[in-house]
Amino acid sequence: MKVELVRYTQDALELLLETKNTRMTGKPVSEMTELEKQEHWRYMLDTIKSPFDFVDYIFDITDVSKNMTHQMVRTRTGAYQERTSRAQESSAFDAIRPKAFERDGDFDSLDDIVRTAKAREIQASILDGSYRYCDNNTCGLLQTDDLQGHINHKPDSINWINFAIDPSCNLTCPSCRKDFIFINQGPEYEQRIRIVDHAVKLIEQHNQWIKFSLSSDGDPFASLIYRDLLSKLNVTGKPVEIEIITNGILAKAHWHKMSGVHNNIVRFKVSFDAGSEQVYNTIRRGGDWNKLLDSCKFISKWKQKNYSKMLLTANFVVQTGNYRDMTNYVDLCDQLGFDEINFQSVNDWSTFVDFKSHAVWQSAHPEHGEFLKQLHHPSLNNSKVNLTNLTSIKNATQ
C-alpha cells in the first residue's frame with residue numbers, strides 16, 4: 001500500500017480553535033499561549049465534532065485491493081473517489097488483486113489457503129502469543145481468554161472459514177452502515193458469483209472436517225450472492241458444519257431453496273438488538289418485526305420437526321437506544337425457543353457521528369448507572385444468557 005498526502009489545511013489547529021470562538025466568545029487564538037490552545041483543543045475533542053469539517057487532509061491511496069477500498073467508502077467517514085469497477089482499458093495502471101485470487105482457478109484446495117506465506121505468518125502470531133494481527137478490543141476469544149482452546153496446532157489444515165464476500169443487506173442499521181448496499185449486477189457481481197462457484201467446488205471436494213460461517217458482512221438471505229452459494233452447495237452426509245448469521249427477516253422465504261445444507265447447519269444466529277417492536281424499528285432500520293418473529297417461529301418448528309441439533313442463537317448489540325430492552329429480549333427469545341441468548345457491546349464502525357453517546361457500557365456515559373441496573377437484572381441470570389464482552393463489567397460492579 002502507498003499513501004501520499006496531497007494537500008492539507010496548514011493552520012488546522014488555529015482554524016478549529018477559531019470555530020469554537022464563533023460559538024462561544026472567548027480569547028482570540030492569536031493571543032493564546034500554547035498551553036491555552038491545548039486546553040481548548042482537549043475541550044473540543046469531547047464536544048461538537050462539526051468544526052472538523054473545516055479542516056481537510058487529502059490522500060492518494062494506491063496499490064490496494066478493491067476489498068479494502070470498499071470497506072473504507074462504506075463508512076462515509078470522509079469524501080472518496082474510488083476507481084471504477086466497470087470494464088476499462090487498464091494499461092495505464094497496475095490492477096491490484098487479493099493474493100487469494102492471483103492465479104487462474106484460485107486455490108486448488110481449501111488447505112492451500114493456509115499454506116501461503118501470509119497465512120503462515122498469521123498462524124505464527126497465534127502460536128507465539130503475540131496476536132499481532134488481532135484486535136484485542138473486539139475479539140471475544142481474547143477477551144474471555146478462550147483462544148487457546150480453539151488452536152489445534154495443525155498449521156497445514158483448515159478448519160473454519162468466515163465468508164465475507166458480499167456486504168449486501170436489506171437493512172441499514174445505524175450501528176453497521178449509513179447507506180443501503182446491494183450488489184446485483186455488473187462486473188463486481190459476476191466476479192463474486194465466480195468466487196461462489198469455485199468455493200462450492202472446493203467445499204464439496206474437501207474430505208476433512210470443515211466449518212464455515214456466513215456472513216459477517218451482509219445478510220445471507222438478502223444477498224443474491226450468498227443465496228446462490230447456499231442453493232448450489234450440497235454437503236449432505238459430508239463432515240461440513242455451517243453457521244448462519246442473519247437478521248432473520250428473509251429466512252423463512254428462502255429456507256426451502258437451500259435443502260443441500262439443512263442438515264449441516266449447526267448454529268443459526270439471529271440478530272435482534274431489541275425485545276420490542278418499538279425499539280426494533282429504531283435500531284434495526286428497514287426491518288420488519290412481524291416477519292422476524294414469523295421466521296424465528298418457522299425455524300424453531302423446523303428444528304423440532306426434523307430433530308435437528310442445530311443451535312438457535314439470538315444476538316443483541318447493546319447501545320444507548322436499546323439497553324432498556326435487554327430484559328424484554330431475554331424473555332422473548334426464551335419463549336421463541338432459542339438455545340443461546342447473547343449480548344455484546346456495540347463496536348465503533350465509524351457509522352455514528354458521536355460513538356461515545358451510544359456506548360452506554362462505558363463508565364463515562366451519563367446513562368451508565370441505569371445500564372448497570374439492566375445488566376444486573378435477574379432476567380439476565382437465565383442459563384441461556386451469555387454476556388460475552390460485558391461479563392467483565394458485570395463482575396466488576398457486583
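Source: prediction; values computed, not measured.

Caption draft 1: Main features of the overall build of the protein. Within the protein, the regular secondary structure consists of 13 helices and nine strands. Going through the 398 residues of the protein one by one, you find that 42% of them count as buried. Accessible surface for the protein amounts to roughly 22300 Å². Of this, 50% is attributable to carbon and sulfur atoms.

Caption draft 2: Up close: the pattern of salt bridges. Under the definition given, this model contains 19 salt bridges. Where Asp 112 meets Arg 115, a salt bridge forms, and the shortest distance between an N and an O atom there is 3.7 Å. By relative accessible area, Asp 112 is classed as buried at 19%. Of the charged contacts, one joins Asp 228 and Lys 232 as a salt bridge, the two residues approaching to 2.8 Å between their closest N and O atoms. In this pair, Asp 228 and Lys 232 are both assigned in helix α7 (residues 224-232), four residues apart and thus about one turn of the helix distant. Classification of Asp 228 by relative accessible area gives buried; the value is 17%. On the accessibility criterion, Lys 232 (36% relative accessible area) is partly exposed. Three or more residues are tied together by salt bridges with common partners; here these are Glu 243, Arg 267, Lys 269 and Glu 340.

Caption draft 3: Here's a closer look at the sheet that holds strand β5 (residues 240-246). Spatial ordering of the open sheet is given by β3-β4-β5-β6-β7-β8-β9, a layout of seven strands whose pairing is parallel. One side of each edge strand has no neighbouring strand; the edge strands of this open sheet are β3 (160-162) and β9 (385-386). In the sheet, strand β8 (residues 340-345) pairs with β9 via two bridges, with the strands oriented parallel. Opposite Asn 342, over in β9, you have Asn 386 as the bridge partner. Packed on one face of the sheet, helix α10 (residues 289-305) meets β6 (265-271) and β7 (311-318) and runs near 150° to β7. Running over the sheet, helix α11 (residues 326-336) touches β7, β8 and β9 and is turned about 155° from β8.

Caption draft 4: Summary view of the nonpolar core. Counting 80 residues, the largest nonpolar core has Phe 163, Phe 268, Phe 272, Phe 343 and Phe 371 as the members making the most contacts within it. If you tally residues by element for this core, the top one is helix α6 (residues 186-205), at seven residues. With near-sequence residues (within four places) excluded, Phe 343 lies in contact with Phe 316, Val 318, Met 326, Tyr 329, Val 330, Leu 380, Val 385, Asn 386, Leu 387, Thr 388 and Leu 390. The next biggest cluster of nonpolar side chains, apart from the first, holds seven residues, and it includes Leu 16, Val 29, Met 44 and Val 55.

Caption draft 5: Summary view of the environment of Phe 54. Tracing the chain through its elements places Phe 54 in the loop between α2 (34-45) and β2 (57-62). By relative accessible area, which is 52% here, Phe 54 ends up exposed. Residues Phe 54 and Thr 9, spaced 45 residues apart in sequence, show a C-alpha to C-alpha distance of 8.7 Å. Not counting chain neighbours up to four residues away, the residues in contact with Phe 54 comprise Thr 9, Leu 15 and Thr 19.

Caption draft 6: The packing of aromatic side chains, seen in detail. According to the stated counting rule, one finds 14 aromatic pairs in the structure shown. A centroid spacing of 5.5 Å and a plane angle of 80° characterise the contact between Phe 272 and Phe 338, whose relative ring orientation is edge-to-face. Separated by 66 residues along the polypeptide, Phe 272 in the loop between β6 and α9 (277-283) and Phe 338 in the loop between α11 and β8 bring together distant segments of the chain. Considered together, Phe 272 and Phe 338 belong to a single accessibility category, that of buried residues. The interplanar angle of 75° and the centroid separation of 5.1 Å between the aromatic rings of Tyr 329 and Phe 343 together place this pair among those described as edge-to-face. Of the two residues, Tyr 329 is situated in helix α11 and Phe 343 in strand β8; the sequence distance between them amounts to 14 residues. With a relative accessible area of 0%, Tyr 329 lands in the buried category.

Caption draft 7: Layout of α11. Restricting attention to buried positions, one finds in α11 the residues Met 326, Thr 327, Tyr 329, Val 330, Leu 332, Cys 333 and Leu 336. In this structure, the buried side of α11 is in contact with α10, β7, β8, α12 (368-375) and β9. Looking one or two residues beyond α11, the residue adopting positive phi is Gly 337, at roughly 90°.

Caption draft 8: Fine view of the state of the cysteines. Taken as a whole and assessed by the stated rule, the structure comprises zero disulfides. Cys 173 provides the cysteine sulfur closest to Cys 176, a residue in no disulfide bond, and the two sulfurs are 6.5 Å apart. With relative accessibility at 28%, the residue Cys 176 sits in the partly exposed group. Counting only cysteine sulfurs, Cys 296 is the nearest neighbor of Cys 333, a cysteine outside any disulfide, at a range of 7.3 Å. Owing to a relative accessible area of 0%, Cys 333 belongs among the buried residues under this scheme.

Rules used in this analysis
- Residues numbered from 1 in each chain as written.
- Predicted model: local features only at pLDDT ≥ 70, side-chain atom pairs only at ≥ 80, totals over all residues.
- Heavy atoms only, no water.
- Helix = DSSP H or I, 4+ residues; strand = E, 2+ residues; numbered from the N terminus.
- Buried < 20%, exposed > 50% of the residue type's maximum accessible area, 1.4 Å probe, protein only.
- Areas by Shrake-Rupley, 256 points an atom, 1.4 Å probe, with all protein chains shown as cover.
- Salt bridge = Lys/Arg side-chain N within 4 Å of Asp/Glu carboxyl O.
- Pairing = 2+ DSSP bridges.
- Contact = heavy atoms within 4.5 Å.
- Axes fitted to C-alpha atoms, helices over the stretch in contact; angles between N-to-C directions.
- Core = buried A, V, L, I, M, F, W, Y, C linked by side-chain atoms within 4.5 Å.
- Phe/Tyr/Trp six-rings, centres within 6.5 Å; stacked < 30°, edge-to-face > 60°.
- Disulfide = S-S within 2.5 Å.

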